[in-house]
Amino acid sequence: MTTVTLPAHVLADPEHILVREVDKTYPGASARALDDIDLVIRRGEFVSLIGPSGCGKSTLLRALAGLEPIDTGSITIYGATPREACSQKAVGLVPQTPALLPWLTVRQNVELPGKVNRAASKRRAHRQGMGASSVGRTDPDELLDLVGLAEKRDAYPGELSGGMQQRVAIARAFGLEPDVLLMDEPFSALDEFTREAMRLHLLSLWQRMRTTVVFVTHSVREAVTLSDRIVVMSARPGRIHELIDVDLPRPRDREVLAGPGLHAVEDRVRDSLQRAWDSGAVPSDLVPA
Ligand SMILES: Nc1ncnc2c1ncn2[C@@H]1O[C@H](COP(=O)(O)OP(=O)(O)O)[C@@H](O)[C@H]1O
Ligand SMILES: [Mg+2]
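Residues numbered from 1 in each chain as written. Chains lettered and ligands numbered in written order. Predicted model: local features only at pLDDT ≥ 70, side-chain atom pairs only at ≥ 80, totals over all residues. Heavy atoms only, no water.

1. Regarding the packing of aromatic side chains
The geometry of an aromatic ring pair is captured by the separation of the ring centres together with the interplanar angle, meaning the angle of the planes.
Moving on, step 1. In total, this model carries three aromatic pairs according to the counting rule given.
Moving on, step 2. Pairing F46 with W206 gives two aromatic rings, centres 5.7 Å apart and planes at 80 degrees, and the pair type is edge-to-face. You can see F46 sitting in strand β3 (residues 46-50) and its partner W206 sitting in helix α8 (residues 192-209), a full 160 residues away along the chain. For the pair shown, F46 and W206 are each scored as buried.
Moving on, step 3. Between F46 and F215, the ring centres sit 5.8 Å apart and the planes meet at 50 degrees, which makes this aromatic pair tilted. Here F46 is found in strand β3, whereas its partner F215 is found in strand β7 (residues 212-216), with 169 residues between them in sequence. For the residue pair F46 and F215, the accessibility class agrees, reading buried in each case. (Phe/Tyr/Trp six-rings, centres within 6.5 Å; stacked < 30°, edge-to-face > 60°. Helix = DSSP H or I, 4+ residues; strand = E, 2+ residues; numbered from the N terminus. Buried < 20%, exposed > 50% of the residue type's maximum accessible area, 1.4 Å probe, protein only.)

2. A closer look at helix α2 (residues 57-64)
Moving on, step 1. Buried residues dominate α2, accounting for six of its eight residues.
Moving on, step 2. Of all the residues in α2, the buried ones are K57, T59, L60, L61, A63 and L64.
Moving on, step 3. Remark: G66 follows α2 within two positions and exhibits a positive phi of approximately 75 degrees.

3. Some remarks on the sheet that holds strand β1 (residues 16-24)
Moving on, step 1. With antiparallel pairing, three strands are arranged side by side in an open sheet as β2-β1-β4. Each having just a single partner strand, β2 (34-42) and β4 (72-77) make up the two edges of the open sheet. With direction set aside, neighbouring strand axes in the sheet form an average angle of 10 degrees.
Moving on, step 2. Note that β1 and β4 share five bridges and pair antiparallel. Of the residues in β4, the one forming a bridge with D23 is T72.
Moving on, step 3. Where α2 meets the sheet, it contacts β1, β2 and β4, and its direction lies at approximately 125 degrees from that of β1. (Pairing = 2+ DSSP bridges. Axes fitted to C-alpha atoms, helices over the stretch in contact; angles between N-to-C directions. Contact = heavy atoms within 4.5 Å.)

4. Observations regarding the site of ligand 1
Moving on, step 1. Every residue near ligand 1 is listed here: Y26, A33, P52, S53, G54, C55, G56, K57, S58 and T59.
Moving on, step 2. Separating an oxygen atom of ligand 1 from a backbone N or O atom of G54 is a distance of 2.7 Å.
Moving on, step 3. Here T59 contributes a side-chain N or O atom positioned 2.5 Å from an oxygen atom of ligand 1.
Moving on, step 4. When ligand 1 is considered free in solution it has 560 Å² of accessible area, and contact with the protein chains removes 57% of it.
Moving on, step 5. Residue composition of the shell around ligand 1, grouped by class: four nonpolar, five polar and one charged. (Near = heavy atom within 4 Å. Polar contact = N/O pair within 3.5 Å; in protein donor to acceptor, adjacent residues only side chain to side chain. Areas by Shrake-Rupley, 256 points an atom, 1.4 Å probe, with all protein chains shown as cover. Nonpolar A, V, L, I, M, F, W, Y, C, P; charged D, E, K, R; others polar.)

5. A look at the sheet that holds strand β9 (residues 239-245)
Strands in a sheet are paired, the pairing made by backbone hydrogen bonds, and the direction either parallel or antiparallel.
Moving on, step 1. The strand order across the open sheet formed by six strands is β5-β6-β7-β3-β8-β9, and the pairing between neighbours is mixed. Taken across any chain shown, the strands that pair with only one partner, and hence form the sheet edges, are β5 (91-94) and β9. This sheet shows a mean twist of 15 degrees between the axes of neighbouring strands, independent of strand direction.
Moving on, step 2. One ladder, built from six bridges, connects strand β8 (residues 229-234) with β9; its direction is antiparallel. What sits directly across from V231, in β9, is L243.
Moving on, step 3. The strands that helix α7 (residues 162-175) touches are β5 and β6 (180-184); relative to β5, the one it contacts most, it runs at about 175 degrees.

6. Digging into the nonpolar core
Moving on, step 1. Membership of the largest hydrophobic core comes to 31 residues, with the highest contact counts inside it found for F174, M183, L202 and F215.
Moving on, step 2. Going through the elements one at a time, α4 (106-116), α6 (140-146), α7, β6, α8 and β7 are the ones with two or more residues in this core.
Moving on, step 3. A63, I77, V216 and V231 belong to the second-largest nonpolar core, a separate cluster that totals 28 residues. (Core = buried A, V, L, I, M, F, W, Y, C linked by side-chain atoms within 4.5 Å.)

7. Points about α7
Moving on, step 1. The terminal C-alpha atoms of α7 lie 20 Å apart, and with 14 residues this matches the ideal 20 Å at 1.5 Å per residue to within 8%.
Moving on, step 2. Among the residues making up α7, those that are buried are G163, Q165, Q166, R167, V168, A169, I170, A171, R172, A173, F174 and G175.
Moving on, step 3. Positioned one or two residues after α7, E177 has a phi angle of 50 degrees, which is positive. (Expected span 1.5 Å × (residues − 1).)

Next up, the structure:
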């Protein structure tokens, strides 16, 4: 990993996540996992990453979480390095597979971050100053209720289905009250009905908490439903192909989501995905709706 000295004006940016000219190649790989990635994310923005398997979505997310070293370029999160931001518990990651502590109950898993995270209350005060409402929102029981698992609070993770475990992981990530929530295909293990309910929960929580969300998905519908902006990526090397603004009104209630605007943006995203590959074929691992 090359050590990069960041210019003072970059380190001082308190309102943006800055990803600048980031390259990353895994040892022995024939193509870059990340190639010249440039991305600026505003505080409070909801951004989705979409693209075929292997285009670097998880690598980018892990780099934002300070878990993946980059070869060149720089990443700053509101003026801090990813590692600093993570050590201050300002960044929460929901990984592709839920990493729950098996010896703790569901409720104990969800309440753990709140117990260890004094920094959260400080940030909460800051966000309240910005007008975000926070009343009771990170109470573990309320979070479990929101993900539909209030009745499972005393169960152990091993007693739950994969989808339920993932919902616990999502509740736990919200319990951390992070400034930035990184979610790697968090709903992929859920059935379509639960998935749709979780999208609505996520939207309402995001709206209340003013958390910045970077969300990886394979679903065009999911990306459009949730995001302010969609980052369309292409593979080998992992590049940003296009940034698409989702100019649908908020809140994204059922009326908005049933309107023609949704389909227009979905078409734009599909076109972009198609153009990202010279072959013109949408990769088979992308969910069509
Ligand atoms: N730990 C690793 N070691 C070697 N190669 C990796 C590793 N993780 C990912 N890769 C490779 O890097 C590229 C990007 O992977 P990844 O970020 O997981 O993509 P995505 O999440 O978009 O599917 C792929 O070619 C993948 O095979
Ligand atoms: Mg991935």
